[in-house]
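# Residue-level structural notes
What follows is the residue order along each chain.
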Amino acid sequence: MLAGTGSDVGKSIIATGLCRIFLQDGYNPAPFKAQNMALNSYATPDGFEIGRAQAVQAEAAGIPCHTDMNPVLLKPSGNHTSQVVLCGKPVGNRDAYDYFRRDGNNELREIVTDSFKRLSQKYNPIVMEGAGSISEINLRETDIVNMPMAKAADASVLLVADIDRGGVFASVYGSIMLQYPEDRSRIKGVIINKFRGDMRLFEQGRRMMEEICGVPVLGVVPYLSGIHIDEEDSVALQGKKHKSEEGKINIAVIKLKHISNYTDFNVLESHPLVNLYYTSSLEEIEKGDVIVVPGTKATIDDLRFIKESGIADAILSAHKKGKQIIGICGGYQILGEEVADPEGIEGVAGAVEGLGLLPVKTILAKEKATRQVEFYFLENERLCKGYEIHQGITESVCEVVHPNKTISGSCDGVMTDNGCIGTYIHGFLDNPAVIEHILKPFIKGENAGIDFDYTSFRERQYNLLADELRRYIDIDAIYKIMGRDD
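Per chain, residue numbering runs from 1 following the sequence as it is written. For a predicted model such as this one, the threshold for reporting local features is a pLDDT of at least 70, and the threshold for listing and counting side-chain atom pairs is 80 or more; totals across whole chains, interfaces and linings nevertheless cover every residue. By convention in this description, side-chain values take in all heavy atoms of the structure and omit both hydrogens and water.

## Comments concerning the pairing of strand β28 (residues 420–423)
As a reminder, the rule being used: Accessibility here uses a 1.4 Å probe with only protein chains present; expressed as a share of the type maximum, an area under 20% marks a residue as buried, one over 50% as exposed, and anything in between as partly exposed. Helix numbers and strand numbers start at the N terminus; a helix is a DSSP run of H or I with at least 4 residues, a strand a run of E with at least 2. Pairs of strands are assigned from DSSP output, requiring at least two bridges between the strands.
Along β28, one buried face is formed by Cys420 and Gly422 and the opposite face, lined by Ile421 and Thr423, is buried too. Here strand β18 (residues 324–328) pairs with β28 via four bridges, running parallel. Along β28, the bridge assignment pairs Ile326 with Ile421. Here strand β27 (residues 414–415) runs beside β28; their pairing, made up of two bridges, is antiparallel. Across the sheet, residue Val414 finds its bridge partner in β28, namely Gly422. Between β27 and β28, which pair antiparallel one after the other, the connecting turn spans four residues, and Gly419 there sits at a positive phi close to 85 degrees.

Next up, the structure:
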């Protein structure tokens, strides 16, 4: 298990790298996180929902993702509540206080333990991930994801600490010493993450930490700024671009209050001709060549937000000037004529007028659609792939052009003749056929032949990550901890 001294210390990316290392070394690894809290989610091949991080880790391990890899997913929806997704299906919204005080019970423990057992019968090793800090002793009795899960799985624990935020000695020492003696004995090593500067300066610190904590430091990993792996949640947005840039195709993603699945933009973010940035600035929206309204966990609240803040007017103004406007999932709903919530799924029942750029109306529904899809975009013959995760039925109010035709024969989305596209498909912008269509008006001359293969790019990133972790972490020591002595 990769456990942490806190949130966003880098557990997920190190778990991803270990999955790839174990695959490279001839093993059959799989990721596991009993409970995840994230807005970035993914649809499994059999049509269920899990945290995006575990889907990425499964890809790094070379296997299809499954709900057993993340049996409990909490999707924050505001006002201290979260949608609870259990074994891939939503079971309702829960107040955070009630959930963490009362619902960490035997039933949930049994569910996550059974998921782990099924997974461990098919794969070896299991790369487990904890959540947040392991030293939240006030939540220890209801915890189902950290040390109690390590005990249930009889897992050795590697403690990951973020040195970049400061206080690394106190956070490591405190995290270890606040454990019950039995749990403390499970912690077999420490990994210091996000180190900046000359590592030789930390050699003495490394020895001091081992002496004080009684646990070996298995590695000091630098800040890996040049490797692109899908992030777990919106904390990572703080480190992304927020401004336009001269000489590039500027794609402005509206920074909604409840933005979700912003991994939809990783391909364009990595494209050599593109500057993709996240913004709620009216000035920066105006500078975008393409404007994207992303997915959201609270469509109506974000629709009200962009109207009250003036963002809606900025989008409409940009559209009148000929800018391309794209809406994905909740963004697709926002671009329509109306979003209705007759059953109060997102709060108070009612309806809100949309931006009116697409001739569609949406009714929010309790049943969530979760599925992977294969489709063709317009008349392009290249097969595209993506996935759907949404609560809503969107219907056109007139005859429209559906840009996406799935291989099952259904249609998705709406495309107008004045540069506006809406779709429910996450991963829509991962596909070369779609990217070429969007960027074509801006690409001229020698740049016209640039082709960006994102599948190969992702594989290179996993391998680069594995190379870096091998360089800075004692992988042989980890194998010994796991019981492999050769």
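Alright, that's what it looks like, and here's the rest.
## Considering the side chain of Thr362
The test is simple: Polar contact is the term for a pair of N or O atoms within 3.5 Å; when the atoms are in protein, one must be able to donate a hydrogen and the other to accept it, and sequence-neighboring residues count only if both atoms are side-chain atoms. Any two residues whose heavy atoms approach within 4.5 Å at even a single point are treated as in contact.
For Thr362, the position within the fold is in strand β21 (residues 360–363). Taking the relative accessible area as the measure of exposure, Thr362 reaches 1% and is therefore buried. Reaching out from Thr362, the side chain makes a polar contact with the side chain of Thr394 at a distance of 2.7 Å. Other than its neighbours up to four places away in sequence, Thr362 contacts Gln333, Glu338, Val339, Ala340, Gly392, Ile393, Thr394 and Tyr424.

## Considering a nonpolar patch on the surface
Spelled out, the test is: Patch members must show over 30% relative accessible area and no salt bridge, and they are joined within 9 Å when carrying like charges or within 5 Å when they are nonpolar side chains of Val, Leu, Ile, Met, Phe, Trp or Tyr. Residue burial considers only the protein chains on display, and all accessible areas are found by Shrake-Rupley using a 1.4 Å probe. Any Lys or Arg side-chain nitrogen found within 4 Å of a carboxyl oxygen on Asp or Glu counts as a salt bridge.
On the surface, Phe169, Tyr173, Met177, Met208 and Ile212 cluster together into a nonpolar patch covering about 430 Å² of accessible area. For the nonpolar patch, the secondary structure elements donating two or more residues are α6 (168–177) and α8 (203–213). For the nonpolar patch, the element with the highest residue contribution is α6, accounting for three residues. Residue position: Met208 is located in helix α8.

## Considering α8
Short version of the rule: The arc refers to the directions leading from the helix axis to the C-beta atoms.
Of all the residues in α8, the buried ones are Gly205, Met209 and Cys213. Down the axis of α8, the sector holding all buried residues measures 50 degrees, keeping them to one side. Residues of α8 that are exposed and point over 90 degrees away from its buried face: Gln204, Arg207 and Glu211. Looking at the buried side of α8, the elements it contacts are α6, β11 (187–195) and β12 (217–222). Immediately downstream of α8, the backbone of Gly214 shows phi near 70 degrees, a positive value.

## Points about the nonpolar core
Applied cut-off: What makes a nonpolar core is a set of buried Ala, Val, Leu, Ile, Met, Phe, Trp, Tyr and Cys residues whose side-chain atoms join them at distances within 4.5 Å.
By size, the foremost hydrophobic cluster in this structure holds 78 residues, and its most contacted members are Val172 and Ile192. Of all the elements, helix α1 (residues 11–24) adds the most residues to this core, at six residues. In this structure, Ile192 is in contact with Ala161, Ile163, Val168, Val172, Phe202, Met209, Val217, Gly219, Val220 and Val221, ignoring residues within four places of it in sequence. Residues Leu268, Leu303, Ile326 and Tyr454 belong to the second largest nonpolar core, which totals 63 residues.

## Here's the deal with the packing of aromatic side chains
Quick note on the threshold: Aromatic pairing here means that ring centres of Phe, Tyr or Trp (its six-membered ring) are within 6.5 Å. Orientation follows from the plane angle: under 30 degrees is stacked, over 60 is edge-to-face, and everything else is tilted. Over a ring means this: the NZ of a Lys or the CZ of an Arg is within 6 Å of the ring centre and within 35 degrees of the ring normal.
For the structure on display, the rule yields eleven aromatic pairs. Here the aromatic rings of Tyr262 and Tyr278 are separated by 6.3 Å at their centres, their planes lie at 85 degrees, and the arrangement is edge-to-face. Note that Tyr262 is positioned in the loop between β14 (259–260) and α9 (266–270) and Tyr278 in strand β15 (residues 274–279), a separation of 16 residues in sequence. Residues Phe375 and Phe428 carry aromatic rings whose centres are separated by 6.3 Å and whose planes lie at 20 degrees to one another, so their mutual orientation is stacked. Of this pair, Phe375 sits in strand β22 (residues 369–377) while Phe428 sits in the loop between β28 and α14 (432–439), and the two are 53 residues apart along the sequence. Comparing Phe375 with Phe428, the two get one shared label, buried. Site record: aromatic cluster; members linked through ring pairs are Phe22, Tyr27 and Tyr479. One cation-aromatic arrangement involves Arg140 over Tyr180; the distance from NZ or CZ to the ring centre is 3.9 Å. In this arrangement the basic side chain of Arg196 is found over the ring face of Tyr223, its NZ or CZ atom lying 3.9 Å from the centre.

## Some thoughts on the pattern of salt bridges
Applying the stated criterion across every chain yields a total of 22 salt bridges. The partner of Asp25 in a salt bridge is Arg470, and the shortest N-O contact between them spans 2.7 Å. With a gap of 445 residues between them, Asp25 in the loop between α1 and β2 (30–32) and Arg470 in helix α15 (residues 454–472) connect regions that are remote in the sequence. Residue classification places Asp25 among the partly exposed positions, given a relative accessible area of 31%. Note on Arg470: relative accessible area 31%, which makes it partly exposed. Where Lys75 meets Glu49, a salt bridge forms, and the shortest distance between an N and an O atom there is 2.7 Å. Linking Lys75 in strand β6 (residues 72–78) with Glu49 in strand β5 (residues 49–51), this pair joins segments that are 26 residues apart in sequence. Given a relative accessible area of 0%, Glu49 falls into the buried group. Taken together, the shared-partner salt bridges connect Asp8, Asp162, Arg165 and Lys194 into one network.

## Structural notes on the side chain of Thr113
Looking at the element boundaries, Thr113 is found in helix α4 (residues 106–122). In this structure Thr113 comes out as buried when scored by relative accessible area, which is 18%. A polar contact of 2.7 Å, which involves the side chain of Thr113, links it to the backbone oxygen of Arg109. Those residues in contact with Thr113 that sit more than four places away from it in its chain are Met149 and Ala152.

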